[in-house]
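Structural characterization, general
Listed here are the chains, written in short residue letters.
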Amino acid sequence: ATVNLRSVTSWVGIARLFAVVLSCVAFSLVASTGDFEGPYGTWCMFTWCFCFAVTLLVLLLELLELYPMLPLSWDDFTSAFSMLAALMVFTTSVVFPSTFINSPCSGSKCARQAVATTVSCLCFLAYALEVGLTRAKPGDISSFLSTVPGLLKVFEAYVACLIFSLLDKYSSKPGLQWCVAVYSICFIITLLIIIFTIGRCLSYIPCPLEKMLVGYNALALVMYITATILWPLYSFQGMRRPDPCGRNCSWNKHLGVTFLTIFNLIAYLVDLVYSTRMVFI
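It should be emphasised that the depicted structure is a prediction, and the values quoted were computed from it without experimental measurement.

With that settled, the discussion passes to the domain arrangement of the protein chain. As far as domains go, the protein chain holds domain 1 (1–142) and domain 2 (147–280). Once you take the C-alpha centre of each, domain 1 and domain 2 turn out to be 25 Å apart. At the interface, 19 residues of domain 1 touch 12 residues of domain 2. Summed over both partners, the interface of domain 1 with domain 2 comes to about 1400 Å²; 74% of that surface belongs to carbon and sulfur atoms. Taken as a group, Y40, M83 and L87 account for 28% of the area that domain 1 buries against domain 2, more than any other trio of residues on that side. On the surface where domain 1 and domain 2 come into contact, there are zero salt bridges.

Shown next as structure tokens:
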């Protein structure tokens, strides 16, 4: 193996170094408080540890120039991971303080939690900077997942995962079952596109890939339009917000799914516009 110092002295390398340090500081501070129980605390710790480990691995592989030996598209993998890490850390930076920092806040434990939240926000900025630095320039489609449609694919899959985490009490109404089917079908196809792109398998598909993606984006957009209408119509039918409505309240979960469905609807719309411009214009 040869040592490529430019991998850690370039702007992308510096952003990754900051992400490694900041994610390590975040989970170390939270671990020192001993207060990260429950699903939300587990999610936050997993996010920081996962991003730290994968980013450190990426840095080492590029420093030693070992990544060409891997049977995958390295640029697509790093672009997809940086986008995923930015989304995960952003979610954690919102979930952790809202769940574990109480008001009024005082004492060393609260100070460490506040510093961990600040460090997590800075870590998100580091990953967002990496996404911006590695994003493909207009006309450059050598790495699909670094283009706007490719990054949107990661966003769409991640938002679908958040929707799945909030699903509650939907099996009794056919309209809600259709919405869950929409989320599942679009998530599976989008995830397969990401995996096939990273694994360099798209060339084996016996049809015009670009036009197929445009067709899929149009179909997914129509399906999400129906889900955007049906989900709030059926999930809030005959249901008023209970008082009190705690953290695990079904009404709040249904509201969260409604907003996330709208986010993905907008993402598929933008994806369709960009994909159409790339293919036909």
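A few words on the pattern of salt bridges. All told, the structure shown has three salt bridges when counted by the stated rule. Notably, a salt bridge pairs E62 with R16, separated by 2.9 Å at the nearest N-O pair. Placement of E62 in helix 3 (residues 38–63) and of R16 in helix 2 (residues 11–33) is noted, with a sequence separation of 46 residues between them. By relative accessible area, which is 15% here, E62 ends up buried. R16 gets classed as buried once you look at its relative accessible area, which sits at 4%. With its nearest N and O atoms 2.4 Å apart, the salt bridge here joins D271 to K153. In this pair, D271 is assigned in helix 9 (residues 250–280) and K153 in helix 6 (residues 148–166), connecting sequence segments 118 residues apart. Take D271: its relative accessible area is 0%, and that puts it in the buried class. Taken together, the salt bridges that share partners define one network made up of R16, E62 and E130.

Turning our eyes to something else, we now look at helix 7 (residues 174–198). In this model helix 7 runs 36 Å from its N-terminal to its C-terminal C-alpha over 25 residues, within 8% of the 36 Å that 1.5 Å per residue would give. After helix 7 finishes, the residue R200 shows a positive phi value of roughly 55°.

This part is about the packing of aromatic side chains. One pass over the full model with this rule turns up 15 aromatic pairs. Taking the centre distance of 5.6 Å and the plane angle of 40° together, the rings of W74 and F77 count as tilted. Of the two residues, W74 and F77 both sit in helix 4 (residues 74–100), three residues apart, roughly one turn of that helix. Classification of W74 by relative accessible area gives buried; the value is 7%. The interplanar angle of 50° and the centroid separation of 5.3 Å between the aromatic rings of F90 and F124 together place this pair among those described as tilted. Of this pair, F90 sits in helix 4 while F124 is found in helix 5 (residues 107–134), placing the two residues 34 residues apart along the sequence. An aromatic cluster of three or more residues is present, and its members are W43, F46, F50, F81 and Y127.

Right, let's talk about helix 3 for a bit. In a regular helix each residue adds 1.5 Å, so 26 residues correspond to 38 Å; helix 3 covers 37 Å between its end C-alpha atoms and thus fits that length. Contact partners of the buried residues in helix 3: helix 1 (6–9), helix 2, helix 4 and helix 5. Positive backbone phi, approximately 55°, marks E65, located one or two places after helix 3.

As for its position among the elements, S7 is in helix 1. One polar contact links the side chain of S7 to the main-chain amide nitrogen of L63, over a distance of 3.5 Å. Residues within four places of S7 in sequence aside, it is in contact with G13, L59, E62 and L63.

Direction vectors running N to C along helix 6 and helix 7 enclose 140°, while the axes themselves pass 9 Å from each other. By the angle class used here, helix 6 and helix 7 are oblique. By crossing handedness, the relation of helix 6 to helix 7 is classed as left-handed. In this structure, helix 6 uses K153, V154, E156, A157, A160, C161, I163 and F164 to contact helix 7, whose residues at the interface are Y183, S184, F187, T190, I193 and I194.

Analysis parameters
Residues numbered from 1 in each chain as written. Predicted model: local features only at pLDDT ≥ 70, side-chain atom pairs only at ≥ 80, totals over all residues. Heavy atoms only, no water. Domains from an automatic or database assignment. Contact = heavy atoms within 4.5 Å. Buried area = accessible area lost by both parts, 1.4 Å probe. Salt bridge = Lys/Arg side-chain N within 4 Å of Asp/Glu carboxyl O. Helix = DSSP H or I, 4+ residues; strand = E, 2+ residues; numbered from the N terminus. Buried < 20%, exposed > 50% of the residue type's maximum accessible area, 1.4 Å probe, protein only. Expected span 1.5 Å × (residues − 1). Phe/Tyr/Trp six-rings, centres within 6.5 Å; stacked < 30°, edge-to-face > 60°. Polar contact = N/O pair within 3.5 Å; in protein donor to acceptor, adjacent residues only side chain to side chain. Axes fitted to C-alpha atoms, helices over the stretch in contact; angles between N-to-C directions. Parallel < 35°, antiparallel > 145°, perpendicular 65-115°, else oblique. Left-handed = near helix turned anticlockwise from the far one by under 90°.

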